[in-house]
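# What the coordinates show
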Amino acid sequence: MAEIVAGSRDPSTARAKPVPDSSEYVGSWRFVAICATLLLINAFSQIDRILPFILAEKIKADLSLTDTQMGLLTGLAFAVCYALLSLPLARAADRGSPRLVLVSCVLVWSAMTALGGVAASFMFLALTRFGVAFGEAGAVPSGHALIARKIEPERRGLAIGLFAMGIPLGTMAGFAAGGAMADAFGWRIVLMGAGAIGILIGLLTILVAGPTPRLQNARTRNEPFLKTSLELLASPAFRWLFLGTILLGFAGAPFYAFSVPFLIRTHGFTATEVGIFFGLLQGLMGIVGTLGGGRWFDLAARSGSGKVLGPPAILFLMASVTTTAALFVPVGWMAIALFVPSMLSFSFMLPWGFGAAHLVAGPGRQAQASSLVMIGSGLIGPALGPLFVGMASDAASAADIPNGLALGLLIVPLASILSGLALLVANQRVSACLRQR
């Protein structure tokens, strides 16, 4: 499987795809340092992204904003910037120094977070949020490119899992600490403090990552990012994986947007109760899923079969059954327990999805592949999925149908089934693609 993970040994393929020098791979202590730094980067990326949700009421009162303006600040900026900037930033990481791109992204979004703390108008705050989105659009692709350059293939799944673990840790820390600190010091101090810590992490990254020389293949350096993206999507293996991530977005976004309101409305939980039980379980499953999924992916990649998407596909199919049951069981604690497989499946997928995309893309295109996976899972589904749930719930309520939100949330298990089936097809396609190299 070493050939599959490291890239093709065929001479013609080697000319088209640059293969990093194995001497650039880091030792054990640097591996730990890089993974710890990447985890911090992703955690603070998530914290800076969700802080406006936590601080929304204080920001609205201070700046006299409307809910529509807050929606524009927290939603549209990220969707637009991810769609427009993720691919070119990913291409810059692939063709140049991923350390430089990553550090630049961290410094940009951290500085913009801090500037948000001095905002005196909606327009200025909106510009700072676009700046945050600009930086975060390139963080994950450049981080994955750094992993591909610096970490040997046998440990990349674990490294991607550790990197991804920053998402649940950042979410827990942001919600827990952000609100408390805002009550104690005010929302402006929270934003400025988070931005200052991010700048320090960016400077630390320069030292920890070390130099990352450019890949020397001329074709990889000169290919336009749109051409590279179309070439990846022309591959049946990558196309089915991309479809699976799009469907995953239709499952994950409504799940996290409406599970808490469902539990409060249907089972009478208080917001505090749901925050404690649902939030802690979500964070725990995020940690277990990213770490366990990353390590399992490494084992699957070394097995020699090339089938590296089967386990997450099966987990999505299982989660679709438990989530459907959770929407209609009469007992609240049982509903929360039945939601756990879905929580696990979303985090478990991260190292498998990114890892499989990197294998199909090959050396020199890992960041580009990560960017496409992010766009697939983070743009269409999150934009439309919650809207469909809300419309279905409102229609059911207007027709006096009980438990209307549960009916709307059926999109989650349906999308999970379709995503699992797409990933099973992708599993076979990826295996065939890698065997041909």
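Keep in mind it's a predicted model, so treat the numbers as computed, not measured.

Along the chain, the regular secondary structure elements total 20 helices and 0 strands. When each of the 437 residues of the chain is scored for burial, the buried share is 55%. Look at the contacts in the chain between residues 6 or more apart in sequence, and 85% of them connect residues 24 or more apart.

Moving on, we come to a nonpolar patch on the surface. A cluster of nonpolar side chains, Leu115, Val118, Phe124, Met181, Phe185, Ile189 and Met192, forms an exposed patch at the surface whose accessible area comes to about 620 Å². Counting only elements with at least two residues in the nonpolar patch, the list comes to α10 (166–185) and α11 (187–209). Within the fold, phenylalanine 124 resides in helix α7 (residues 122–137). Overall, phenylalanine 124 belongs to the partly exposed group, its relative accessible area being 33%.

In summary, soluble globular proteins display a tendency toward joint burial of nonpolar side chains. Counting 104 residues, the largest nonpolar core has Phe238, Leu263 and Phe339 as the members making the most contacts within it. With 15 residues, helix α17 (residues 332–361) is the largest single contributor of residues to this core. When sequence neighbours within four positions are dropped, the list of residues in contact with leucine 263 reads Gly268, Phe269, Val274, Phe278, Ala335, Ile336 and Phe339.

Time to look at the packing of helix α9 (residues 156–164) against α17. For the pair α9 and α17, interaxial distance at closest approach is 9 Å and the crossing angle is 130 degrees. Considering their axes alone, α9 and α17 lie oblique with respect to each other. Crossing hand, α9 versus α17: right-handed. Contacts between α9 and α17 involve Gly157, Ile160, Gly161 and Ala164 from the former and Leu350, Pro351, Phe354, Gly355 and His358 from the latter. Tallied by class, the residues present in the contact of α9 with α17 amount to 5 nonpolar, 4 polar and no charged.

All right, on to the confidence of the model for the chain then. Segments scoring low in pLDDT should not have their predicted coordinates read at a detailed level. Residue-level pLDDT values for the chain average 85, and 88% of them are 70 or greater. Contacts of residues 1–19 to residues separated by more than four positions or lying in other chains number 38 contacts, the stretch itself having pLDDT below 50.

With that out of the way, let us pick up helix α6 (residues 98–116). Here α6 spans 27 Å end to end across 19 residues, near enough to the 27 Å set by a 1.5 Å rise per residue. Those residues of α6 not exposed but buried are Pro98, Val101, Leu102, Val103, Cys105, Val106, Trp109, Ser110, Thr113, Ala114 and Gly116.

Looking now at empty space enclosed by the protein. Tallying each qualifying case throughout the model produces 4 cavities of 30 Å³ or more. The volume enclosed by the second largest cavity comes to roughly 40 Å³. For the second largest cavity, the full set of lining residues is Pro52, Ile59, Met70, Leu73, Leu125, Arg129 and Leu191. For the lining of the second largest cavity, the elements supplying multiple residues, two or more each, are α5 (67–95) and α7. When grouped by side-chain class, the residues that make up the lining of the second largest cavity number 6 nonpolar, no polar and 1 charged.

Any two packed helices are characterised by how steeply their axes cross, that is the angle between the axes, and by the distance between the axes. Running from N to C, helix α3 (residues 28–54) and α11 point in directions that differ by 155 degrees, and their axes come no closer than 10 Å. As far as their axial angle goes, α11 and α3 are roughly antiparallel. In this structure, α3 crosses over α11, and the sense of that crossing is left-handed. In this structure, α3 uses Arg30, Ala33, Ile34, Thr37, Leu40, Ile41, Phe44, Asp48 and Leu51 to contact α11, whose residues at the interface are Val190, Leu191, Ala194, Ile197, Ile201, Leu204, Thr205, Val208 and Ala209.

With that settled, consider the packing of aromatic side chains. Applying the stated criterion across every chain yields a total of 11 aromatic pairs. For the pair phenylalanine 262 and phenylalanine 339, a centre-to-centre distance of 6.2 Å together with 75 degrees between the ring planes defines the contact as edge-to-face. On the criterion of sequence distance, the pair formed by phenylalanine 262 in helix α14 (residues 236–267) and phenylalanine 339 in helix α17 is long-range, its members being 77 residues apart. Measuring from centroid to centroid gives 5.6 Å for phenylalanine 348 and tryptophan 352, while their planes differ by 40 degrees, and the two rings are tilted. Here the residue phenylalanine 348 and the residue tryptophan 352 both occupy positions in helix α17, the gap between them amounting to 4 residues, near one helical turn. Neither residue differs from the other here; phenylalanine 348 and tryptophan 352 are each classed as buried. An aromatic cluster of three or more residues is present, and its members are Phe255, Tyr256, Phe262, Phe316, Phe339 and Phe346. Here the guanidinium or amino end of arginine 155 rests over the ring plane of phenylalanine 31, the centre of that ring lying 4.1 Å away.

Cut-offs and rules
- Residues numbered from 1 in each chain as written.
- Predicted model: local features only at pLDDT ≥ 70, side-chain atom pairs only at ≥ 80, totals over all residues.
- Heavy atoms only, no water.
- Helix = DSSP H or I, 4+ residues; strand = E, 2+ residues; numbered from the N terminus.
- Buried < 20%, exposed > 50% of the residue type's maximum accessible area, 1.4 Å probe, protein only.
- Contact = heavy atoms within 4.5 Å.
- Patch = residues over 30% accessible without salt bridge, like charges linked within 9 Å, V, L, I, M, F, W, Y side chains within 5 Å.
- Areas by Shrake-Rupley, 256 points an atom, 1.4 Å probe, with all protein chains shown as cover.
- Salt bridge = Lys/Arg side-chain N within 4 Å of Asp/Glu carboxyl O.
- Core = buried A, V, L, I, M, F, W, Y, C linked by side-chain atoms within 4.5 Å.
- Axes fitted to C-alpha atoms, helices over the stretch in contact; angles between N-to-C directions.
- Parallel < 35°, antiparallel > 145°, perpendicular 65-115°, else oblique.
- Left-handed = near helix turned anticlockwise from the far one by under 90°.
- Nonpolar A, V, L, I, M, F, W, Y, C, P; charged D, E, K, R; others polar.
- pLDDT = per-residue confidence, 0-100.
- Expected span 1.5 Å × (residues − 1).
- 1 Å grid on protein atoms, 1.4 Å probe; cavity = no way out; pocket = protein on both sides within 12 Å on 5 of 7 lines; lining within 4 Å.
- Points joined across faces, edges and corners; volume = space filled by probe spheres on them.
- Phe/Tyr/Trp six-rings, centres within 6.5 Å; stacked < 30°, edge-to-face > 60°.
- Lys NZ or Arg CZ within 6 Å of the ring centre and 35° of its normal.

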